[in-house]
Amino acid sequence: MTAPVEPFDIGEVELEVRPVRIRWVAWAMAVFLFAFFGVGALLVFVESSGFNFRPADQIAMVVLGTILAGCALLFTRPRLRAGPGGVEVRATILTRRVPWSDVVAVSFPDGAQFARLDLPDDEYLTISALQAVDRGHAARGVTALRRLHAQYRAGADAAGA
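Our subject in this report is the structure included herewith. (Residues numbered from 1 in each chain as written. Predicted model: local features only at pLDDT ≥ 70, side-chain atom pairs only at ≥ 80, totals over all residues. Heavy atoms only, no water.)

1. A closer look at the pattern of salt bridges
Note the threshold: Salt bridge, as used here: a side-chain nitrogen of Lys or Arg that lies within 4 Å of a carboxyl oxygen of Asp or Glu. Each residue is placed in one exposure class: buried if its accessible area under a 1.4 Å probe, protein chains only, is under 20% of its type's maximum, exposed if it is over 50%, and partly exposed if it falls in between.
Enumeration over the complete set of coordinates arrives at 4 salt bridges. Residue Glu88 pairs with Arg97 through a salt bridge whose shortest N-O separation is 2.8 Å. For Asp118, the salt bridge goes to Arg116, with nearest N and O atoms at 3.3 Å. On the basis of relative accessibility, which here comes to 18%, the residue Asp118 falls in the buried class. By relative accessible area, Arg116 is classed as partly exposed at 26%. Members of the salt-bridge network, linked through shared partners, are Arg79, Arg81, Glu88 and Arg97.

Here it is, written out as structure tokens:
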């Protein structure tokens, strides 16, 4: 059994990257879902369909649309933050912080959808904020992250030696 890792501070944020296209798609999908269920709730009384809809059914449809729109907005959460202490990677739900001493490399393999932090023992952490569909934006983010990795990894190696 391993001891839980204590959270650490990444320091002053020097790089913050968020995806571009998925945020637009998520917002459009959220608006569509809310509007679809909202209009559906209004239209159930227009014509008899053999089933008696009550006001509670209309409210439930609006609530369902709100919940689904909120779920779609979870895809706006991915973010990458980096500073002198390390990297913070926030995915759709979870956030993970990694010190520079644990980052072996920053890679974006051919054909991959996301960039990743290569960690010791052939492990890696997917960076969902750097997506292939963002092309130039993702390339600039990976370049900046690699620059910070080289800068702070060299400093961590020198301090450890």
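2. Some remarks on the sheet that holds strand β3 (residues 86–90)
Quick reminder of the rule: When DSSP finds two or more bridges between a pair of strands, those strands are recorded as paired. For helices the rule is a DSSP run of H or I covering at least 4 residues; for strands it is a run of E covering at least 2, with both sets numbered from the N terminus onward. Note on definitions: angles span 0 to 180 degrees between N-to-C directions of axes, and those axes are lines fitted to C-alpha atoms, for helices only across the stretch in contact.
Reading across from one edge, β1-β2-β3-β4 is the order of the 4 strands in this open sheet, with antiparallel pairing throughout. Of all strands in the sheet, those with a lone pairing partner are β1 (15–17) and β4 (95–99), marking the two edges. On average, each strand axis in the sheet is inclined to that of its neighbour by 10°, with strand direction left out of account. Here 3 bridges tie β1 to strand β2 (residues 79–83), and the two strands are oriented antiparallel to one another.

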